[in-house]
Amino acid sequence: MQAFKKLTSTAVPLPIEDIDTDQIIPARFLKATTRDGFGDNLFRDWRYDKLEHPRPDFVLNNPTYSGEILVAGANFGCGSSREHAAWALADYGFRAVVSSYFADIFRGNALNNGLLPLIVSPEVLDETFRTIEASPAARFTIDLEAQTFTNEETGTVVKFEIDEYKKTCMINGYDDIDFLLSQREKIEAYEENRVDFSL
Amino acid sequence: MPTLFDKVWDAHVVTEVPGGNQVLYIDKHLIHEVTSPQAFNGLRERGIPILRRDRIVATADHNVPTKDQDKPIAEPLSRKQVNMLTSNCEEFGVELYGLGHPYQGIVHVIGPELGITRPGITMVCGDSHTSTHGAFGAIAFGIGTSQVEQVMATQCVLMSKPKSMRITVDGDLQPGVTAKDLILYVISQLGTGGGTGHFVEYAGTAIKGLSMEGRMTICNMSIEMGARGGLIAPDETTFEYIRGREFAPEGEEWEAAVEYWRTLPSDPDARFDTEYTFRGEDIPPMITYGTNPGMGMGIKETIPTKSEIHGDATLKKAMEYMGLELGNQMEGMPIDYVFIGSCTNSRVEDLRLAAALVKGKQIHENITGIVVPGSQQVAKQAIAEGLDRVFTDAGFEFRGAGCSACLGMNEDKIPAGRYCVSTSNRNFEGRQGPGARTILASPLTAAAAAVAGKLVDVRELI
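- An unreviewed UniProt entry annotates chain B as 3-isopropylmalate dehydratase large subunit originating from Neolewinella xylanilytica.
- We quote the UniProt Function (unreviewed entry) comment for chain B here in full: "Catalyzes the isomerization between 2-isopropylmalate and 3-isopropylmalate, via the formation of 2-isopropylmaleate."
- Within the UniProt record for chain B, the comment given under Subunit (unreviewed entry) is "Heterodimer of LeuC and LeuD."

- Labelled according to an unreviewed UniProt entry, chain A appears under the name 3-isopropylmalate dehydratase small subunit, originating from Neolewinella xylanilytica.
- Taken verbatim from the UniProt record of chain A, the Function (unreviewed entry) comment is "Catalyzes the isomerization between 2-isopropylmalate and 3-isopropylmalate, via the formation of 2-isopropylmaleate."
- Recorded in UniProt for chain A, the comment headed Sequence similarities (unreviewed entry) runs: "Belongs to the LeuD family. LeuD type 1 subfamily."

In structure tokens:
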């Protein structure tokens with residue numbers, strides 16, 4: 001997993017709420033059997049029309065906006081559990097998504113892929129959208145160690161929450177699987193001592 | 001004092017991790033062809049085996065065609081993915097109910113019908129609708145592919161304990177109002193993110209009065225309000241459903257299991273982080289007007305012009321996609337397709353409901369109607385009861401088991417711009433195919449729409 005420590009970048013605004021994982025990566029692109037190449041189909045049906053022409057009104061096709069931070073409306077990543085959504089965002093080049101809250105499964109998937117789901121208050125989210133609208137070249141800094149999100153245009157610095165274990169994983173690029181494998185003895189002890197009506 | 005959720009969760013905690021996470025033991029892991037290939041690859045790359053093969057059940061459902069299931073899959077990428085599931089299961093020694101197997105079907109239909117899903121267990125699957133299995137009083141939730149790999153390797157996931165919510169629905173449902181309407185109503189009140197961070201227990205007399213199929217429909221859609229999962233306390237209805245199924249416990253083991261299961265319901269003084277209460281009588285037959293399951297309303301209502309849940313820009317975008325206008329009524333609106341199927345509503349009870357309504361009638365000449373049973377066993381039962389003939393005589397197609405037109409991944413898609421009344425769970429943009437316009441509804445409302453060729457109030461027909 002790619003490590004994440006600190007990032008300063010411009011940001012891409014997507015001020016729509018409840019963006020579901022079917023929009024992030026439609027199901028017809030889930031037939032791949034590796035984790036690579038999903039970025040080409042990120043937001044496929046918002047990005048391209050029926051004839052595969054880029055839709056000029058979609059933000060990823062607008063040269064005014066670019067960057068490694070996606071700023072999106074509340075409840076980003078709702079719907080399907082497809083990790084392909086996190087893979088597509090990361091493969092396209094995003095390293096963080098900022099929203100006022102994320103759907104639970106997406107948030108976990110993002111964290112497992114070094115893509116930081118950064119939660120800010122609705123007010124900060126609105127201010128971020130306003131800043132980008134007024135100055136598309138505005139830069140933002142995410143400092144994971146300090147847990148701060150800085151709007152370099154306005155100078156506003158806000159703290160964000162992230163669970164301590166996940167923070168360590170992100171900073172060091174650790175996977176959960178390494179940790180879980182290290183718990184093998186405890187897992188087997190649990191299996192020995194439990195009441196089990198599942199098999 | 002503990003809730004049903006607390007009891008099941010706490011019984012599965014292997015150890016605590018500093019910072020609030022817990023290592024949670026997973027009793028049953030369901031896998032399918034779409035979200036497992038990268039997990040198997042991961043195991044191969046790391047050189048680690050599956051820890052407990054007897055806790056995994058595999059089937060092919062998302063990609064499978066629902067026609068000509070005895071022939072090789074025509075679409076090359078789908079064929080490759082399904083074949084890869086077969087070779088991965090062979091290599092790693094996992095039981096597979098693949099295409100052609102009598103137990104094949106939608107993963108959330110086969111778990112319960114085979115007696116794999118039981119009260120008090122933990123279950124995961126790389127599919128968000130794993131919440132379905134909570135209907136038995138299990139903790140069941142969808143996971144990403146990285147976690148599929150973790151569970152294969154360690155039989156555990158790492159999670160912080162979600163918050164608890166109780167949704168109580170008391171009273172009686174009106175005739176013509178089903179479990180699907182109940183859950184669409186709840187989601188329309190809470191919004192598509194209203195349950196985020198929570199596990200939901202559904203309680204109250206209206207819930208207790210539901211069959212297991214109805215309870216599965218409710219729990220299935222928990223994820224559509226953002227909840228990790230939903231649960232319903234196990235009771236006699238639950239035990240009767242499980243008894244005698246293929247893999248259900250027998251004899252003394254059955255007695256011991258039932259004794260344990262009876263201890264699981266939430267204590268009378270259990271406390272929940274969040275509570276909502278609704279009245280069964282208030283729930284009308286529901287339809288959706290927009291592009292997420294929270295955009296739902298009663299069949300007689302008008303599309304809201306303003307919403308506390310959905311922002312103006314989001315509503316406007318939804319209306320543009322759906323070709324509808326805020327403030328308009330949808331009852332009487334002509335539609336093009338009717339899809340009866342999906343892990344939400346493809347069990348034999350759902351098919352019986354729809355069949356009873358279409359029996360002796362013809363579907364409207366403008367309607368393309370397909371009925372897709374959730375599993376081979378559901379199909380077999382439906383055929384034994386003559387339901388397939390009821391549907392085909394009325395002008396529906398009766399297909400083989402699979403996810404079908406729920407998700408626009410296999411051959412079954414709705415063309416761009418067309419309206420489909422669907423018993424599935426998601427009306428997202430493009431969910432049933434690029435440009436397809438989905439209206440979610442119950443099997444009864446879907447069947448009635450097929451006959452009328454338009455959206456109708458099923459209460460006026462029964």
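1. Observations concerning the sheet that holds strand β7 (residues 139-142) of chain B
Residue and element names in this part refer to chain B.
Here is step 1 of the chain: Strands sit in the order β5-β4-β3-β6-β7 across an open sheet of five strands; the sheet is parallel. Both outer strands of the open sheet, β5 (95-97) and β7, are each paired with one neighbouring strand and no more. Geometrically, the sheet is characterised by an average inter-axis angle of 20 degrees between neighbouring strands, direction not taken into account.
Here is step 2 of the chain: As judged from the four bridges shared by strand β6 (residues 122-125) and β7, these two strands associate in the parallel manner. The partner of Met-123 across the bridge, within β7, is Ala-140.
Here is step 3 of the chain: Contacting β3 (28-31), β4 (56-59) and β6, helix α5 (residues 145-154) crosses the sheet at an angle of about 135 degrees to β3.

2. Notes on helix α2 (residues 37-46) of chain B
Structurally, the α-helix is built with 3.6 residues per turn, so residues lying three or four positions apart point the same way.
Here is step 1 of the chain: Burial analysis of α2(B) places seven of its ten residues in the buried class, which makes it a mostly covered element.
Here is step 2 of the chain: Those residues of α2(B) lying buried are Pro37(B), Gln38(B), Ala39(B), Phe40(B), Asn41(B), Gly42(B) and Leu43(B).
Here is step 3 of the chain: Tucked into the core, α2(B) has its buried residues touching α3 (84-92) of chain A together with β3, α3 (76-92) and α5 of chain B.
Here is step 4 of the chain: At the C-terminal side of α2(B), Gly47(B) shows a positive phi close to 70 degrees.

3. What to know about the sheet that holds strand β11 (residues 229-232) of chain B
Whether parallel or antiparallel, the strands of a sheet pair through hydrogen bonds between backbone atoms.
All names here are of chain B.
Here is step 1 of the chain: Here we have four strands laid out as an open sheet, ordered β11-β10-β9-β12, and parallel in their pairing. The open sheet is flanked by β11 and β12 (274-279), the only strands paired with a single partner. Between one strand axis and the next, the sheet turns through 20 degrees on average, direction left out of account.
Here is step 2 of the chain: The pairing of strand β10 (residues 198-203) with β11 spans four bridges and is classified as parallel. Following the sheet pairing, Tyr-202 is matched in β11 by Ile-232.
Here is step 3 of the chain: Strand contacts of helix α8 (residues 212-220): β10 and β11, with the helix running at about 150 degrees to β11, the strand carrying the most contacts.

4. Topic: the domain arrangement of chain B
Residue and element names in this part refer to chain B.
Here is step 1 of the chain: Under the domain assignment used here, chain B contains domain 1 (4-160), domain 2 (163-243 + 260-282) and domain 3 (288-460).
Here is step 2 of the chain: Relative placement of domain 1 and domain 3: their C-alpha centres are 28 Å apart.
Here is step 3 of the chain: Counting residues at the interface gives 26 residues for domain 1 and 25 residues for domain 3.
Here is step 4 of the chain: Summing the contributions of domain 1 and of domain 3, the shared interface buries around 2,000 Å²; its carbon and sulfur component is 55%.
Here is step 5 of the chain: Put simply, domain 1 and domain 3 have zero salt bridges between them.

5. Quick notes on the UniProt feature "binding site: [4Fe-4S] cluster" (unreviewed entry) in chain B
Residue and element names in this part refer to chain B.
Here is step 1 of the chain: On the UniProt side, "binding site: [4Fe-4S] cluster" (unreviewed entry) is annotated at positions that read Cys-343, Cys-403 and Cys-406 here. A maximum C-alpha distance of 8.7 Å is found for the annotated residues, which run over 64 residues; spatially they form one tight group.
Here is step 2 of the chain: Structurally, Cys-403 is set in the loop between β17 (397-398) and β18 (419-422).
Here is step 3 of the chain: Checked against the element boundaries, Cys-406 lands in the loop between β17 and β18.
Here is step 4 of the chain: Beyond its immediate stretch of four places on either side in the chain, Cys-406 contacts Phe-339, Ser-342, Ser-424, Asn-425, Arg-431 and Gln-432.

What counts and what doesn't
Here, residues in each chain are numbered from 1, in the same order as that chain's written sequence. Here chains are named by letter from A upward and ligands by number from 1 upward, in the order in which they appear as written. Per-residue local features are limited, in this predicted model, to residues with pLDDT of at least 70; the limit for side-chain atom pairs, both in listing and counting, is 80 or more; totals at the level of whole chains, interfaces and linings are taken over all residues. The basis for every side-chain value is the complete set of heavy atoms in the structure, and neither hydrogens nor water enter the calculation. UniProt positions are given in the numbering used here, feature names are shortened, and annotations may be inferred rather than shown by experiment. Strands were regarded as paired on the criterion that DSSP finds at least two bridges between them. Secondary structure elements are defined from DSSP: runs of H or I of at least 4 residues count as helices, runs of E of at least 2 residues count as strands, and each element is numbered from the N terminus. To get an axis, a line is fitted to the C-alpha atoms, and for a helix only the part in contact is used. The angle between two axes follows their N-to-C directions and goes from 0 to 180 degrees. Should any heavy atoms of two residues lie within 4.5 Å, those residues are considered in contact. Using a 1.4 Å probe on the protein chains alone, a residue whose accessible area is under 20% of its type maximum counts as buried, one over 50% counts as exposed, and one in between counts as partly exposed. Per the annotation, domain bounds derive from an automatic or database assignment of domains. The term buried area refers to how much accessible surface (probe radius 1.4 Å) is lost by two components on association, counted for both of them together. When a carboxyl oxygen of Asp or Glu is within 4 Å of a side-chain nitrogen of Lys or Arg, the pair counts as a salt bridge.

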